[in-house]
Amino acid sequence: MTDQPHDLTDLYSGFPAGFFERADQSSDSNFYAAPRLVTHIDDGAIEAVGKLYTELGLTGRVLDLMGSWVSHFPVKPEELVVLGMNTEELSANKDADSWLQHDLNVNPIMPLLDEEFDGVVCCVSVDYLTRPLEVFNEVHRCLKPGGVFVHTFSNRCFPTKAINGWNQTDDRGHVSIVGEYFRRTGPWSDLSAELRTETSSFGDPLYAVWGRKSS
Ligand SMILES: C[S@@+](CC[C@H](N)C(=O)[O-])C[C@H]1O[C@@H](n2cnc3c(N)ncnc32)[C@H](O)[C@@H]1O
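Residues numbered from 1 in each chain as written. Predicted model: local features only at pLDDT ≥ 70, side-chain atom pairs only at ≥ 80, totals over all residues.

Q: Just give me the short version of the overall build of the chain, but keep the residues and values in it.
A: For the chain, the count of helices and strands is seven helices and seven strands. Reading the helices (α) and strands (β) of the chain from amino to carboxyl end gives α-α-α-β-β-α-β-β-α-β-α-α-β-β. Dimensions of the chain, computed from the C-alpha atoms along their principal axes, are close to 45 × 35 × 35 Å. Counting over 215 residues, the chain shows a buried share of 39%. Across the chain, the fraction of contacts at a sequence separation of at least 24, relative to all contacts at a separation of at least 6, is 67%. (Helix = DSSP H or I, 4+ residues; strand = E, 2+ residues; numbered from the N terminus. Buried ≥ 20, exposed ≤ 12 C-beta atoms within 10 Å, placed from the backbone. Contact = placed C-beta atoms within 7 Å.)

Q: So what's going on with the environment of V139? Residues and values would help.
A: Within the secondary structure layout, V139 lies in helix α5 (residues 132–142). With 23 C-beta atoms counted inside 10 Å, the residue V139 sits in the buried group. Contacts of V139, omitting those with residues within four sequence positions, involve L65, V120 and F149.

Q: Tell me about α5, residues and numbers included.
A: The buried count for α5 comes to nine of eleven residues, which makes it a mostly enclosed element. Of the residues making up α5, those classed as buried are P132, L133, E134, V135, F136, E138, V139, H140 and C142.

Q: Residues and numbers for unusual backbone geometry, please.
A: That bond from G186 to P187 is cis: its omega, 25 degrees, falls within 30 degrees of zero. Mapped onto the secondary structure, P187 falls in the loop between α7 (171–184) and β6 (188–195). At H72, a residue that is not glycine, the phi angle is positive and equals roughly 70 degrees. Inspection of the secondary structure assignment puts H72 in the loop between β1 (61–65) and β2 (79–84). We note that E115 has phi near 50 degrees; this positive angle belongs to a residue other than glycine. Examined against the element boundaries, E115 turns out to sit in the loop between β3 (98–101) and β4 (117–123).

Q: Describe the packing of α5 against α7, and please don't skip the residues or the numbers.
A: Running from N to C, α5 and α7 point in directions that differ by 60 degrees, and their axes come no closer than 9 Å. Taken as axis vectors, α5 and α7 run oblique relative to one another. Crossing handedness for the pair α5 and α7: right-handed. Facing α5, whose interface residues are P132, L133 and F136, α7 presents Y181, F182 and R184. Partitioned by chemical class, the residues of the contact of α5 with α7 number five nonpolar, no polar and one charged. (Axes fitted to C-alpha atoms, helices over the stretch in contact; angles between N-to-C directions. Parallel < 35°, antiparallel > 145°, perpendicular 65-115°, else oblique. Left-handed = near helix turned anticlockwise from the far one by under 90°. Nonpolar A, V, L, I, M, F, W, Y, C, P; charged D, E, K, R; others polar.)

Q: An account of the pairing of β2 is requested, with residue identities and associated values reported.
A: With respect to burial, β2 is a largely interior element, five of its six residues being buried. The pairing of β1 with β2 spans five bridges and is classified as parallel. Of the residues in β2, the one forming a bridge with V62 is L80. Pairing analysis gives four bridges linking β2 to β3, with the strands arranged parallel. Looking across to β3, one finds that V82 is bridged to W99. (Pairing = 2+ DSSP bridges.)

Q: Summarise the sheet that holds β6; cite the residues concerned and give the values.
A: Ordered by their spatial adjacency, seven strands build an open sheet running β3-β2-β1-β4-β5-β7-β6, and the pairing between neighbours is mixed. Looking along the sheet, the strands with just one partner apiece sit at the ends: β3 and β6. Taken over all neighbouring pairs, the strand axes of this sheet differ in orientation by 15 degrees on average, direction set aside. Sheet strands in contact with helix α3 (residues 43–55) are β4, β5 (143–153) and β7 (207–213), and its direction is about 165 degrees off that of β5. Here α5 sits on the sheet in contact with β1, β4, β5 and β7, set at roughly 140 degrees to β5.

Q: Hey, could you go over the nonpolar core for me, with residue numbers and the actual values?
A: With 51 residues, the main nonpolar core has L63, L65, V120, V121 and V139 as its most contacted residues. Residue assignment for this core shows that the elements contributing at least two residues are α3, β1, β2, β4, α5, β5, α7 and β7. Discounting chain neighbours no more than four positions away, the residues touching V121 are Y53, L58, V62, D64, L65 and V150. (Core = buried A, V, L, I, M, F, W, Y, C linked by C-beta atoms within 7 Å.)

Have a look at this one:
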């Protein structure tokens, strides 16, 4: 007997060899040991994240996956749980009602209940997941039917910690990668992908890919 889902090979079949490997294969707890109380995208992109969260009606009990000291909600959800790597960053998050330190690359199974969240957000972090399909299925398990799972990202990252597949493509490719994660997990409905900043803007572009847990 094994506690791994039996169809993992099928889940990942077709991705090129090395796609989910990284230049820095050492433990993420080393890289995230020191707090980074910074923002990873500019003010315009942060505003675009918040605007999307409002448009999607993200409220109730919400999980900020791969979170830090800021969660980018213009209005804090009724209850915000933040999951990330660095306890100093997490405890500095003023919007968090609770937080947990959890390494999704060591264990994609989260210590969270079935259908406990109205929404799950993940900002500028999906590129660091080495087992994204297990994580997407876990998020699906933790979401209420109809709950939204939204990813936002720009055009930069910590390259040594991002998966090779992400580093080897461009913005359009990144949108396709996240779309493919949704396609292989779930079931999800209302899948959407948009550039949320003006194409004429000189600031950071902000892409979003999201879907809802099928009822
Ligand atoms: C670029 S920061 C983004 C932080 C935050 N989401 C934001 O919008 O500012 C990447 C985040 O991913 C989290 N992270 C990276 N690897 C992780 C892992 N293996 N498990 C859980 N969280 C991880 C880190 O804790 C860090 O906060």
